[in-house]
Amino acid sequence: MSDLRVLYVVHNHPTLHPGGAEAYSLELYEAMREQPGVEPILMARIGSNVARRRVAHPGTPFMSVNGDPNQHFIFTETDHFDFFTLTSRDKSLYSRHLTDFLLAQRPDVVHLQHTHFIGLDLLSQIRRVLPEAAIVYTLHEFLPICHHHGQMVRTFGDELCPEASPRRCNECFPELSPQSFFLRERFVKGHFANVDRFLAPSAQLMDKYLRWGIAPERIEVEEYGRLTPSRRAPDPRQTKSPTNIGFFGQLSHFKGAEVMMEAMAQLDPEAEAHLWLHGANLDLQTEEFQEEFAQLREQLRGRVTFRGPYEHHELPNLMADLHWVLIPSIWWENSPLVIQEAFFHRRPIITSDVGGMAEKVRDGVDGLHFRVGDPYSLARTIEQATANPRLWRSLRDGIRDPYPMDAHVSRLMDLYGELLEQREEVAVNA
Amino acid sequence: MPETVRERTGARRRSRRLEQSVAPLAAGVELVVEKDRVELRAAERTDGPVGQLKALLREELAGLDAARRTEIVSDLASSPLLEELGSLELSSSLYEVREVLRERLPACAVEARQPVGLAVEQVLAVDQRSFWVSGWMHDEDGAGEVTFVSPEGARVAVTDGAFRLDRPDVVQFYAGLQGDRTQEHGFTALIELPAPSLLASGWIAELRTSQGTAVEIRCPDPVVDPQEVRAKILAELGSRGPVGGELAARHGRHALTRLQERIVGESEVDSIDLYGEQPTAPAISIVIPLYKRLDFIEHQLLQFSTDPDFAEVELIYVLDSVEQKEELAKTAGELFALYRLPFKVVNLTAGAGFAGANKHGIEAAEAKLLLLLNSDVVPDRPGWLATMRAFYESQENVGALGAKLLYEDGSLQHAGLYFHRGVGGELWENAHCFKGLHRDFPAANVSRVVPAVTAACMLVDRERYDEVGGLPLHYVQGDYEDSELCLRLLAAGYENWYLDTAELYHLEGQSYVAEARRVPSEYNMWLHSEIWGERIETLMAEFDPFEDPTAA
């Protein structure tokens, strides 16, 4: 029997620009490459917003990546992407180039990690060109449901939004009519109809998609599997006063940047706590945000240290002197990869009490919850945590290893097989 | 014959003067007026007194009626002597004759209250006998006729044969008038003169309406620079959506084909510079056109010089960007001193374009096998040429043989060429198999018969190449020549092959301005489909570009 050809599609590649879903996608591709009987193919989108130079070969959007025969860039113009309907206005991308690619590659399974900047039309085109291929779609946020950056947070007052509807979405975007939100939903669902199975890395994310209308038999929870890093960070040198808190990730509004700075400002002056910021993409935030952030930083000189962006391989070193990892996001999150990384290095987590964070971090077992978006609540939680070495040790001991990649790969292999059988039945009955 | 004699006699009786009058027009030409006959005649002695011509015109012809005078002027401008002599002096004299004899119509004043209007927006000299004219006309009922008069006096009516188009600006201008609202007021046509026109100005256009109004205007002077004419015609072809349709088929194609012939025809071999001792009986002649980027030569010579197969190769560079002749001579001398690989440089008198430059290079080539190569192609490793040659000679009936070409990042640039028709499109576009995929893509690692291959690297037997007429010259700015050559080879019964084991890099340019290339590309694609569409249809019904020959 010939190898199972699995095409992974992702909206960015770690060699271009860092990002969680893209890092996971590349790890999955690499893990699948080790799997006997599988030939994985990776197609990662490249374009002006992630690459410094506009590079594309004439006549084709495809380029190979770093000499790997099975990794491909697909170049798409950022301007051609319609952020409302989540697809490209340049239809020749599908009718021509992606069709050619699918016909040449003939994957048995197409596993989409992300279709941003590539577009939802791809889903239908896969089905047209390769009727027998199984289509799997991993959901990383709520873009299909929510036009507000896929966060499911209202545009006014940062209120968490439990459900989308034309009426509610129009409240968030008064310039877009309820009718256009109705059409948006129909459009997304129309293309989603081609997907054989959705994967939700967290139960709370699945719940929101179920409520939105994905049939229960078409979606399941499957956590991100991660390759085991080469080494674990050692325990902090001193654990008598667990005062060092680390933040990893984008310094943005939705990631709770202001909440954590505000909380640090509100700490009891006697409290010993220090926040280390390992943050990227500050330059991509609004000017207003950057100014406010700079001001808070200045104000909090003795409490907060900004250490800039980091590379994934530096994590063990950066974690070495930290006791806690802080995840203060004000949106639901999905399944933040930082949680897995912190747990792998045995660092308890202080996090918001909603969504994927509340689901993955157990309050009082391997971390502490605070009230989402509430600097007062966070400040009190930090005071309690940093003053209590026994609590820290007990939470550290409560940490379980994150979901390993080999278990994830094995589940995916079963799933691909199951879906291919289903598709065969469909083909026979048709 | 008795009747003629009688007439003549009668004429002589009527007026002895009319029997035959002669006046010199230009060196070697005289005007002869003999009764009803007025013609140009080659003459040995044309040193008549100044003023003789004017006197003759005044005395013998000016008194004739307008229709007859018009006819005489037109007849003179049709004389084969214009073609034979190509004399500017003769053209100037004919212009004077025209000015004395022609019927002057009222000048047309374009006014919103006056329904008769005429404008000529451009006159482009495609060559000395064919001119591309465009403008608009407006009259009472749309039945008017427009006639162009060349400076020498030749008359060509354009109304019937012209391409007509909507001119909303004209409709709006005359909005206050009753009458002709519906017709297409614009016109564009390629007009053919019976004999060459050489003068830089003096074109007239006349409009005669069905209601008996007749007006004239002076036309803008013709544009003569072939590159400029080509650009303007292309701009007009592309100004109303994609190139194609009646304008392209009935006017554009003829004009551009003739322009291409003119541009290539005006380019000749100026000199051939030899570097090193040329091989006496080369097995392969490699022809490489050079355009602007001379730095590629060094990269090629470095790679070629370490490849033993090049001992039997005649290497010919053709410099198409002629202004770089001295720069190239200096570079070539220095590079030969270093690499010691013999080559020759063909210098041209004027740029000939991709196909034209190849043509000159091939005319200088001596070997039985020709390798057409682009200057931005460099081999991956030695041995590719012997591999191609061995394959060519081992297969019967090969037309063109193409190689595996790669981008700088190892993606496939070329693994055979096929034809693709866009969604809802009627035109066939050239496409490369597996373009953008990795060089080791399994389906591209098999040699196979393909519809065509790129001329960026193409091996072809010289006799077969000549048999089908070689690279066509009628495409604009390099495009589709290679696929047409391959289609010609197919039509002659040969097969085109892709060979995966010859691997070279093709550093295909990324910097060209896409918009500037849009119209020429569209035109080339249209022309290619116009000529080969039916054959391609059959061909593509049988060819699967995505076939995976490695699949069980």
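Residues numbered from 1 in each chain as written. Chains lettered and ligands numbered in written order. Predicted model: local features only at pLDDT ≥ 70, side-chain atom pairs only at ≥ 80, totals over all residues.

1. Looking at helix H6 (residues 203-212) of chain A
Residues and elements named next belong to chain A.
Right, so step 1: Along H6, the residues that are buried comprise Leu 205, Met 206 and Lys 208. All buried residues of H6 lie within an arc of 160 degrees about the axis, which places them on one face of the element.
Right, so step 2: Packing partners of the buried residues in H6 comprise strand E9 (197-200), strand E10 (219-221) and helix H11 (355-360).
Right, so step 3: The first or second residue beyond H6 is Gly 213, which carries a positive phi of 125 degrees. (Buried ≥ 20, exposed ≤ 12 C-beta atoms within 10 Å, placed from the backbone. Helix = DSSP H or I, 4+ residues; strand = E, 2+ residues; numbered from the N terminus. Arc of directions from axis to C-beta. Contact = placed C-beta atoms within 7 Å.)

2. Thoughts on the domain arrangement of chain A
Residues and elements named next belong to chain A.
Right, so step 1: Here the domain parsing of chain A yields domain 1 (4-227 + 405-429) and domain 2 (244-397).
Right, so step 2: Taken over C-alpha atoms, the centre of domain 1 sits 30 Å from the centre of domain 2.
Right, so step 3: Counting residues at the interface gives 19 residues for domain 1 and 16 residues for domain 2.
Right, so step 4: When contributions to the side of domain 1 that touches domain 2 are tallied by element, the ones reaching two or more residues are helix H1 (20-33) and H6.
Right, so step 5: Classifying every residue of the side of domain 1 that touches domain 2 gives 10 nonpolar, five polar and four charged. (Domains from an automatic or database assignment. Nonpolar A, V, L, I, M, F, W, Y, C, P; charged D, E, K, R; others polar.)

3. Describing the domain arrangement of chain B
Right, so step 1: Domains assigned within chain B are domain 1 (18-101), domain 2 (117-264), domain 3 (267-367) and domain 4 (381-552).
Right, so step 2: Computed over C-alpha atoms only, the centres of domain 2 of chain B and domain 3 of chain B are separated by 44 Å.

4. Section: the packing of helix H9 (residues 295-305) of chain B against helix H10 (residues 325-339) of chain B
All names here are of chain B.
Right, so step 1: Where H9 contacts H10, the two axes come as close as 11 Å, and the packing angle between them is 20 degrees. Overall, the two elements H9 and H10 adopt an arrangement that is roughly parallel. Along this stretch, H9 crosses H10, giving a crossing that reads as right-handed. On H10, the residues touching Ile 297, Glu 298, Leu 301, Leu 302 and Ser 305 of H9 are Thr 331, Leu 335 and Tyr 339.
Right, so step 2: Class assignment for the residues of the contact of H9 with H10 results in five nonpolar, two polar and one charged. (Axes fitted to C-alpha atoms, helices over the stretch in contact; angles between N-to-C directions. Parallel < 35°, antiparallel > 145°, perpendicular 65-115°, else oblique. Left-handed = near helix turned anticlockwise from the far one by under 90°.)

5. Re the sheet that holds strand E14 (residues 324-327) of chain A
Residues and elements named next belong to chain A.
Right, so step 1: An order of E13-E12-E11-E14-E15-E16 is seen for the six strands of this open sheet, with the pairing classed as parallel. Taken across any chain shown, the strands that pair with only one partner, and hence form the sheet edges, are strand E13 (304-306) and strand E16 (367-370). Looking at each pair of strands side by side, their axes are set apart by 25 degrees on average, direction ignored.
Right, so step 2: In terms of strand pairing, E14 meets strand E15 (residues 349-352) through three bridges, oriented parallel. When the bridges of E15 are listed, Ile 327 appears paired with Thr 351. (Pairing = 2+ DSSP bridges.)

6. Remarks on the confidence of the model for chain B
All names here are of chain B.
Right, so step 1: For chain B, mean pLDDT is 90; residues scoring 70 or higher make up 93% of the total.
Right, so step 2: The low-confidence segment residues 1-16 (pLDDT under 50) makes four contacts with residues lying over four places distant or belonging to another chain.
Right, so step 3: In the predicted complex, the global pTM is 0.83; the interface-specific ipTM is 0.77. (pLDDT = per-residue confidence, 0-100.)

7. Brief notes about the nonpolar core
Proteins that are soluble and globular tend to have nonpolar side chains buried together.
Right, so step 1: One finds Tyr8(A), Met260(A) and Val287(B) to be the most contacted residues of the largest nonpolar core, which totals 255 residues.
Right, so step 2: Of all hydrophobic cores here, the second largest spans 25 residues; its members include Ala26(B), Leu56(B), Val73(B) and Leu81(B). (Core = buried A, V, L, I, M, F, W, Y, C linked by C-beta atoms within 7 Å.)

8. A short note on the environment of Val361(A)
All names here are of chain A.
Right, so step 1: Tracing the backbone shows Val 361 in the loop between H11 and E16.
Right, so step 2: By C-beta crowding, Val 361 is classed as buried, having 26 other C-beta atoms within 10 Å.
Right, so step 3: Separated by 344 residues in the primary sequence, Val 361 and His 17 place their C-alpha atoms 28 Å from one another.

9. Some points on the pairing of strand E5 (residues 130-138) of chain B
Residue and element names in this part refer to chain B.
Right, so step 1: Most of E5 sits out of view: nine of its nine residues are buried.
Right, so step 2: Every second residue of E5 is oriented toward a common face, with Ser 130, Trp 132, Ser 134, Trp 136 and His 138 on one face and Phe 131, Val 133, Gly 135 and Met 137 on the other, all of them buried.
Right, so step 3: Note that strand E4 (residues 117-125) and E5 share eight bridges and pair antiparallel. Looking at E5, one finds that Leu 118 is bridged to Met 137.
Right, so step 4: In textbook terms, the turn of a hairpin is the stretch between consecutive antiparallel strands, and for E4 and E5 this stretch comprises four residues.
Right, so step 5: Bridge count between E5 and strand E9 (residues 186-192): seven bridges; the pairing is antiparallel. Of the residues in E9, the one forming a bridge with Gly 135 is Phe 187.

10. Section: the environment of Ala203(A)
Residues and elements named next belong to chain A.
Right, so step 1: By the secondary structure assignment, Ala 203 is in helix H6.
Right, so step 2: By the C-beta count within 10 Å, which is 14 here, Ala 203 ends up partly exposed.
Right, so step 3: Along the chain, Ala 203 and Ser 335 lie 132 residues apart, while their C-alpha atoms are 9.3 Å from each other.
Right, so step 4: When residues no more than four places from it in sequence are discounted, the contact partners of Ala 203 are Val 221 and Glu 359.

11. Quick word on the interface of chain A and chain B
Right, so step 1: Across the contact, 15 residues belong to chain A and 18 residues belong to chain B.
Right, so step 2: A total of four residues in the side of chain A that touches chain B trace back to one element, the largest contributor, which is helix H2 (residues 92-105) of chain A.
Right, so step 3: Classifying every residue of the side of chain A that touches chain B gives seven nonpolar, seven polar and one charged.

12. Points about the sheet that holds strand E2 (residues 29-34) of chain B
All names here are of chain B.
Right, so step 1: Taken in spatial order, the three strands line up as E1-E2-E3 in an open sheet, and their pairing is antiparallel. Edge strands, defined here as strands with exactly one partner in the open sheet, are strand E1 (21-26) and strand E3 (37-42). When the angles between neighbouring strand axes are averaged without regard to direction, this sheet yields 25 degrees.
Right, so step 2: Bridging between E1 and E2 involves five bridges; their strand directions are antiparallel. Looking at the pairing, Val 22 lines up with Val 32 of E2.
Right, so step 3: Where helix H2 (residues 52-61) meets the sheet, its contacts fall on E1, E2 and E3, and the angle it forms with E1 comes to roughly 135 degrees.
Right, so step 4: Across the sheet, helix H5 (residues 88-101) touches E1 and E2, and the angle it forms with E1 is around 125 degrees.

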